[in-house]
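Reading the structure
Here are the chains, one letter per residue:
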Amino acid sequence: MPITIHNPQPNAPAPRRPRAVDIDMDVPSDSESDSENGGAAIKGDIPMLDGESMHVDEEDEDEEQTDIRDEILTPGTVITSNAQWMRGHGTYVPPNTTSITSSLAGTLTRTNKLLSVRPLRARYNPEIGDLVVGRIVEVQAKRWRVDVAAAQLAILQISAINLPGGILRKRTETDELQIRSFFSEGDLLVAEVQQLHQDGAASLHTRSLKYGKLRNGVFVAVGGTGGGGGVVRSKRQLWTMETSNAGSKIDVLLGVNGYIWISKHIESDVAAEAAGINRMEESVSSQIYSSQNNHIDVPTMREIARCRSVILALVENGVKIDEDTVTRGYHEAVEFGRESADDDIYLGGERGKRLAAALSGR
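Residues numbered from 1 in each chain as written. Predicted model: local features only at pLDDT ≥ 70, side-chain atom pairs only at ≥ 80, totals over all residues. Heavy atoms only, no water.

Looking at an unreviewed UniProt entry, the protein chain carries the name Exosome complex component N-terminal domain-containing protein, with the source organism given as Trichoderma breve. Annotation of the protein chain in UniProt includes, under Sequence similarities (unreviewed entry), the sentence "Belongs to the RRP4 family." Taken verbatim from the UniProt record of the protein chain, the Subcellular location (unreviewed entry) comment is "Nucleus". (UniProt positions renumbered as here; feature names shortened; annotations may be inferred.)

**Describing the overall build of the protein chain**
Summing up its helical and strand segments, the protein chain has 9 helices and 17 strands in all. Within the protein chain, the proportion of its 362 residues that are buried is 40%. Long-range pairs, those at least 24 residues apart, make up 62% of the contacts in the protein chain between residues at least 6 apart in sequence. (Helix = DSSP H or I, 4+ residues; strand = E, 2+ residues; numbered from the N terminus. Buried < 20%, exposed > 50% of the residue type's maximum accessible area, 1.4 Å probe, protein only. Contact = heavy atoms within 4.5 Å.)

**Let's talk about the sheet that holds strand S17 (residues 259-264)**
A sheet is described by the order of its strands in space; here 4 strands give the open sequence S14-S17-S16-S15, paired in antiparallel fashion. Since the sheet does not close on itself, it has two edges, and those belong to strand S14 (217-221) and strand S15 (238-241), each with one partner. Looking at each pair of strands side by side, their axes are set apart by 20° on average, direction ignored. As judged from the 5 bridges shared by S14 and S17, these two strands associate in the antiparallel manner. The residue bridging Phe-219 from the neighbouring strand is Trp-261, located in S17. Of the strands in this sheet, S14, S15, strand S16 (250-254) and S17 touch helix H7 (residues 298-316), which is tilted by about 160° from S17. Here helix H8 (residues 323-337) sits on the sheet in contact with S15 and S16, set at roughly 20° to S15. (Pairing = 2+ DSSP bridges. Axes fitted to C-alpha atoms, helices over the stretch in contact; angles between N-to-C directions.)

**A look at the pattern of salt bridges**
Pairs can form between side chains of opposite charge once their charged atoms are near each other. In total, this model carries 14 salt bridges according to the counting rule given. Close ionic contact of Glu-127 with Arg-233 constitutes a salt bridge, the shortest N to O distance being 3.8 Å. With Glu-127 in the loop between strand S7 (114-119) and strand S8 (131-139) and Arg-233 in the loop between S14 and S15, the pair connects residues that are 106 residues apart, well separated along the chain. Relative accessible area serves as the criterion here: at 39%, Glu-127 is assigned to the partly exposed category. Measuring nitrogen to oxygen at the nearest pair gives 3.0 Å for the salt bridge that ties Arg-306 to Glu-303. Taken together, the positions of Arg-306 and Glu-303, both in helix H7 and 3 residues apart, correspond to about one turn of that helix. In this structure, Arg-306 and Glu-303 share a single accessibility class: buried. One connected set of salt bridges, linked through shared partners, spans Arg-302, Glu-303, Arg-306 and Asp-343. (Salt bridge = Lys/Arg side-chain N within 4 Å of Asp/Glu carboxyl O.)

**Here's the deal with the packing of H7 against H8**
Contact geometry of H7 with H8 gives a least axis separation of 9 Å together with a crossing angle of 115°. Taken together, the axes of H7 and H8 lie roughly perpendicular to each other. Handedness of the H7/H8 crossing: right-handed. Contact residues: H7 offers Glu-303, Arg-306, Cys-307, Val-310, Ile-311 and Leu-314, while H8 offers Thr-325, Val-326, Gly-329, Tyr-330, Ala-333, Val-334 and Gly-337. For the contact of H7 with H8, the per-class residue count stands at 8 nonpolar, 3 polar and 2 charged. (Parallel < 35°, antiparallel > 145°, perpendicular 65-115°, else oblique. Left-handed = near helix turned anticlockwise from the far one by under 90°. Nonpolar A, V, L, I, M, F, W, Y, C, P; charged D, E, K, R; others polar.)

**Let's talk about the confidence of the model for the protein chain**
Mean pLDDT for the protein chain: 78, with 73% of residues reaching 70 or above. Within the model, pLDDT remains below 50 along residues 270-277, and this stretch shows 5 contacts once partners closer than five positions in the same chain are excluded. (pLDDT = per-residue confidence, 0-100.)

**Considerations on the packing of aromatic side chains**
Scanning the model with the defined rule gives 4 aromatic pairs in all. Between Trp-144 and Phe-183 the ring centres are 5.4 Å apart and the planes differ by 90°, which places this aromatic pair in the edge-to-face class. Remark: Phe-183 occurs in the loop between helix H4 (179-182) and strand S11 (188-196) and Trp-144 occurs in strand S9 (residues 143-147); sequence separation between them is 39 residues. Of the two residues, Trp-144 and Phe-183, neither departs from the other in class, the shared state being buried. Ring plane angle 85° and centroid distance 5.3 Å describe the contact between Phe-183 and Tyr-289, whose orientation is recorded as edge-to-face. (Phe/Tyr/Trp six-rings, centres within 6.5 Å; stacked < 30°, edge-to-face > 60°.)

**Let's talk about the sheet that holds strand S5 (residues 100-102)**
What the 3 strands build is an open sheet, ordered S2-S5-S4; its pairing is antiparallel. Edge positions in the sheet fall to strand S2 (78-80) and strand S4 (91-92), since each has one partner strand and no second. Two elements, S4 and S5, share 2 bridges in a ladder whose sense is antiparallel. Counted as the bridge partner of Thr-91 is Ser-102 from S5.

Below is the structure:
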């Protein structure tokens with residue numbers, strides 16, 4: 001069969017690709033509209049901008065996001081009806097709607113495309129290493145149940161405490177029979193969170209000379225562990241503070257769970273320290289489970305009450321509680337007391353607002 005060879009034909013011209021100037025730059029793509037409108041129009045109960053909405057400048061977007069994060073949402077407030085957002089804790093979607101609605105009273109928190117509401121007041125969420133103040137509510141066979149302001153009662157095992165005299169040995173049935181001689185119902189203690197269980201309960205321990213039963217002071221419970229004023233985690237939760245008006249030193253213990261203990265400072269035994277570390281541990285451990293308070297003079301009692309008033313005033317006005325604010329607030333309260341002849345330690349109402357304004361520099 002004969003084969004015919006044809007001359008090569010020229011290639012067809014390639015289709016002309018549009019240049020950058022030919023593309024309409026005024027029409028944003030879907031991805032651009034999603035990123036540009038991401039959370040810019042969150043305004044409490046005002047729906048957010050959808051993909052076809054007008055462009056929002058970055059400066060306006062940042063200002064609006066700051067406004068909504070500072071705004072307090074109430075239950076039932078519609079946050080957004082845009083389907084690109086996901087609902088998180090503190091939100092729900094009503095039936096037959098697509099609007100994300102707040103179920104708590106708190107502030108809005110945005111994490112990428114996730115919207116959640118942080119409550120103003122919430123239960124304490126334990127974390128390993130937290131210093132907490134608790135109250136014994138139940139005594140069981142080998143452990144105590146402790147109220148630490150969490151959703152569940154914490155657990156303190158008998159193997160997680162120091163025995164009197166600093167003895168290091170395995171706990172026996174005799175120790176279990178004498179379990180109420182260590183802690184009984186109603187006793188206050190300071191401990192550290194050692195372990196977290198799967199159900200959310202926390203295990204505590206008091207294997208330190210800094211921990212144990214609390215005496216010689218007053219108990220204060222503050223709220224606002226969410227967005228309001230309350231105890232914050234800091235480098236030092238326990239410190240000794242000098243007082244005025246002929247008062248002795250006082251110890252301030254800020255539990256991360258919102259429980260606070262203010263007590264008279266007890267000096268350590270110099271003779272026991274000179275005898276050695278082992279003797280010091282024995283002398284301290286022999287008194288660590290005593291329920292007998294030491295003598296407290298009247299000026300020291302008054303300064304303890306003044307420090308308590310400072311903490312309550314700071315919480316009432318939404319100021320965070322830490323070593324710096326408590327110390328500065330105490331010195332301001334001493335100056336306020338000198339304004340009256342009877343050295344008034346009351347810091348409620350307008351006096352509390354003056355104290356908070358002085359600390360914030362307003």
